[in-house]
Amino acid sequence: MPTSFLDTVSTTLASLEEDGLIKIEREILSAQKGRITVADGTESRPGVINMCANNYLGLADSPALVESAKDALDHQGYGMASVRFICGTQKSHRVLERRLAQFLGKDDSILFAACFDANGGLFEALLGPEDAVVSDSLNHASIIDGIRLCKAKRYRYENSNMADLEKQLVLAKEAGARFVMIATDGVFSMDGYLANLPEITRLAKKFDALVMVDDCHSTGFMGPQGRGTAAHFGVNDDVDILTGTLGKALGGALGGYIAGPQPVVDLLRQRARPYLFSNALPPSIVASSLAALTIVEQADDLREQLFVNTVYWREGLTNLGFTLLPGEHPIVPVMLGDAKLAQEMASRLFDLGVYVSPFFYPVVPKGSARIRTQINATHTRDDLDEALAAFNQAAIETGLLV
Ligand SMILES: *Cc1c(COP(=O)(O)O)cnc(C)c1O
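First things first, this report covers the structure right here in the doc. Small disclaimer: the values here were computed from a predicted structure and weren't measured. Note on numbering: residues in each chain are counted from 1, in written sequence order. Only residues with pLDDT of 70 or above have their local features reported here, since the model is predicted, and side-chain atom pairs are shown and tallied only from 80 upward, although totals for entire chains, interfaces and linings are computed over all residues. Neither water nor hydrogens contribute to the side-chain values; these are computed over all heavy atoms in the structure.

Our next topic: the pairing of strand β2 (residues 43–50). A regular strand carries its side chains on alternate faces of the sheet. Any two strands between which DSSP finds at least two bridges are classified as paired. The secondary structure listing takes helices from DSSP runs of H or I that are at least 4 residues long and strands from runs of E that are at least 2 residues long, numbered from the N terminus. Strand direction decides the pairing type here: strand β1 (residues 35–40) and β2, joined by five bridges, are antiparallel. Across the sheet, residue Asp40 finds its bridge partner in β2, namely Glu43. Linking β1 back to β2 in an antiparallel pair, the connection comprises two residues, with Gly41 at a positive phi of about 60°. Two elements, β2 and strand β13 (residues 354–355), share two bridges in a ladder whose sense is parallel. Bridging across to β13, Asn50 finds its partner in Tyr355.

Below, the discussion takes up the packing of aromatic side chains. When we look at a pair of aromatic rings, we describe it by the centre distance and by the angle of the planes. The rule is short: rings of Phe, Tyr and Trp, with Trp giving its six-membered ring, pair when the centres are within 6.5 Å, and they are stacked under 30 degrees, edge-to-face over 60, tilted in between. Applying the stated criterion across every chain yields a total of five aromatic pairs. Aromatic pair Phe112 and Tyr275: ring centres 5.9 Å apart, planes at 65°, arrangement edge-to-face. Taken together, the residues Phe112 in strand β3 (residues 108–112) and Tyr275 in helix α11 (residues 273–276) connect sequence positions 163 residues apart. Three labels apply to residues, based on accessible area from a 1.4 Å probe with only protein chains included: buried if under 20% of the type maximum, exposed if over 50%, partly exposed otherwise in between. We classify Tyr275 as buried; its relative accessible area is 6%. Note on Phe322 and Phe391: the rings are 5.6 Å apart at their centroids and 85° apart in plane angle, and the pair reads as edge-to-face. Placement of Phe322 in the loop between α13 (300–320) and β12 (331–337) and of Phe391 in helix α15 (residues 381–397) is noted, with a sequence separation of 69 residues between them. Classification of Phe322 as buried rests on a relative accessible area of 6%. Taken together, the ring pairs connect Trp313, Phe322 and Phe391 into an aromatic cluster. Sitting over the face of the ring of Phe350, Arg26 holds its NZ or CZ atom 3.6 Å from the ring centroid. For a ring to carry a charge above it, either NZ of a lysine or CZ of an arginine must fall within 6 Å of the ring centroid while also lying within 35 degrees of the normal to the ring plane. Lying across the ring of Tyr312, Arg381 places its NZ or CZ 3.7 Å from the centre.

Bringing unusual backbone geometry into the picture now. Excluding glycine, residues mostly carry a negative phi; peptide bonds, for their part, are mostly trans. Along the chain, Tyr361 connects to Pro362 via a cis peptide bond; the corresponding omega equals 10°. Positive phi values are uncommon outside glycine, yet Ala81 reaches one of about 50°. With a phi angle near 55°, Asp208 is a residue other than glycine that sits in the positive phi range. Here Asp208 is to be found in the loop between α8 (197–206) and β9 (210–214).

With six of seven residues buried, β12 lies mostly within the body of the structure. As defined by bridge partners, β12 adjoins strand β15 (residues 369–374) across six bridges and the pair is classed as antiparallel. Bridge assignment links Ile331 to a residue of β15, and that residue is Gln374.

Take the sheet that holds β2 next. Within a sheet, neighbouring strands are paired by backbone hydrogen bonds and run either parallel or antiparallel to one another. Strand order in the open sheet formed by three strands is β1-β2-β13, with mixed pairing between adjacent strands. Among the strands making up the open sheet, the edge pair consists of β1 and β13.

Turning our attention to the site of the ligand. In the vicinity of the ligand lie 13 residues, with Cys115, Phe116, Asp214, Thr245 and Lys248 positioned nearest. By the criterion applied in these results, polar contacts are pairs of N or O atoms within 3.5 Å in which, for protein atoms, one can donate a hydrogen and the other can accept it, and in which residues neighboring in sequence qualify only through two side-chain atoms. Contact distances for the ligand include 2.6 Å between a nitrogen atom and a side-chain N or O atom of Asp214. Burial of the ligand by the protein amounts to 83% of the accessible area it has alone, namely 380 Å². Per-element accounting of the shell around the ligand gives the leading share, three residues, to helix α5 (residues 115–126). Of the residues that constitute the shell around the ligand, the class distribution is four nonpolar, six polar and three charged. Throughout, the term near means that a residue has one or more heavy atoms lying within 4 Å of the molecule or strand in question. For the accessible areas, the method is Shrake-Rupley and the probe is 1.4 Å, while residue cover comes only from the protein chains on display. Charged residues are taken to be Asp, Glu, Lys and Arg, nonpolar residues to be Ala, Val, Leu, Ile, Met, Phe, Trp, Tyr, Cys and Pro, and polar residues to be all remaining types, Gly included.

In this model, the largest pocket occupies a volume close to 1300 Å³. In this analysis a 1.4 Å probe is tested at points of a 1 Å grid over the protein atoms alone, and where it fits but cannot get out there is a cavity; an open set with protein on both sides within 12 Å along at least five of seven lines is a pocket; lining residues have an atom within 4 Å of a point. If you go around the largest pocket, you meet 40 residues; those closest to its centre are Lys23, Ile24, Ser357, Pro358 and Phe359. Broken down by class, the residue content of the lining of the largest pocket amounts to 20 nonpolar, 14 polar and six charged. Grid points are joined across faces, edges and corners, and a volume is the space filled by probe spheres set on the points. Reported here for the second largest pocket is a volume of approximately 320 Å³. Surrounding the second largest pocket, 13 residues form its lining, Leu138, Met190, Val363, Val364 and Pro365 being those nearest its centre. Of the residues assigned to the lining of the second largest pocket, the class counts are seven nonpolar, three polar and three charged. Domains are outlined according to an automatic or database domain assignment. A domain split of the lining of the second largest pocket shows at least three residues from each of domain 1 (24–57 + 299–397) and domain 2 (63–297).

Only residues above 30% relative accessible area that lack a salt bridge enter a patch, with like-charged residues linked at up to 9 Å and the nonpolar side chains Val, Leu, Ile, Met, Phe, Trp and Tyr linked at up to 5 Å. The salt bridge definition used is simple: a Lys or Arg side-chain nitrogen within 4 Å of an Asp or Glu carboxyl oxygen. A contiguous nonpolar surface patch, about 800 Å² in accessible area, is contributed by Met1, Phe5, Leu6, Val9, Leu13, Leu16, Ile22 and Ile24. With respect to the element layout, Leu6 can be found in helix α1 (residues 3–18). Of the residues examined, Leu6 reaches a relative accessible area of 45% and is grouped as partly exposed.

Given below as structure tokens:
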């Protein structure tokens, strides 16, 4: 290895450090849940209120899911040691794929190791150089990478700007695109804003375009029975392709999927590279994901609690004088503006027993640094009250509020 290589890597790291862009990973010593034990130097800190997990329904430590995983380990083994098409498909993989499809109101679905892989494999497999993708500027990194891997022409519209979407659709059509696919997150995770799916699907019809929605931050808790953003807006039948994750509300372990029309899923099974060349999901995760779907379909109580908690949290912070991005989603961004202030607040909140994540440039635009809080169904009123008191104290100590 040339010595200059490591020098260059170290220089890059040093400049990240200098710009305050180094991400530190706190180590959790308990299961993932509403209150966790977190390592703090050589100490361990119990009872920390966790406000940064995607554990919306609180299923990450669900005894039913743990039991299902154990049962699958006992009866179906630990791993598949194969990709799906060689010898990595157990009956339960297909059962889960059909079950997910049914839940999402689509013909069929196909599993991936992660939604990152699902988005990474989708576009290249379905679209060619004669086609076009029109993508929201705030789409998840995996959609951006997936589009980069495909040869279709790329068009980008300003986040949720429907006039700009229409403009880009016109451009794509004028350039003679055979098929045009609109790609959007169902929920934009830095803001907690929902994509305008009623208008997107209307424009798709007008321009005879396909619609692909990545519903990672929605499936399981938005819409009737948690069927997602499109179901929430009543436009599920107008969304052609859904992608999603098993790693958030649906248990929080690992895995992703694409759901859509039968021929689309069938072709992805033949062509999607992350599916063809990466290991099958382990039986324990498949079994627990099935159990998660059973819970989710009947979890109106958890969903109600989640939204009651979210409203309580939003009102509490607003009453204290914080500036939030408006909305109904359990992603509740507390806007601070300055990156340093966001970091200071997060660090002070951790001292006060509340675990939150600060986001700043380049993850969000310059000057719109924030603390993104995420509410889940297992947060109790006490948890939320304690967290509100901590936010108030941290804001006074950092000079944000007087
Ligand atoms: C979390 C997330 C992903 C990645 O999902 P994994 O299954 O963890 O790879 C993709 N898209 C969006 C919008 C996400 O929020």
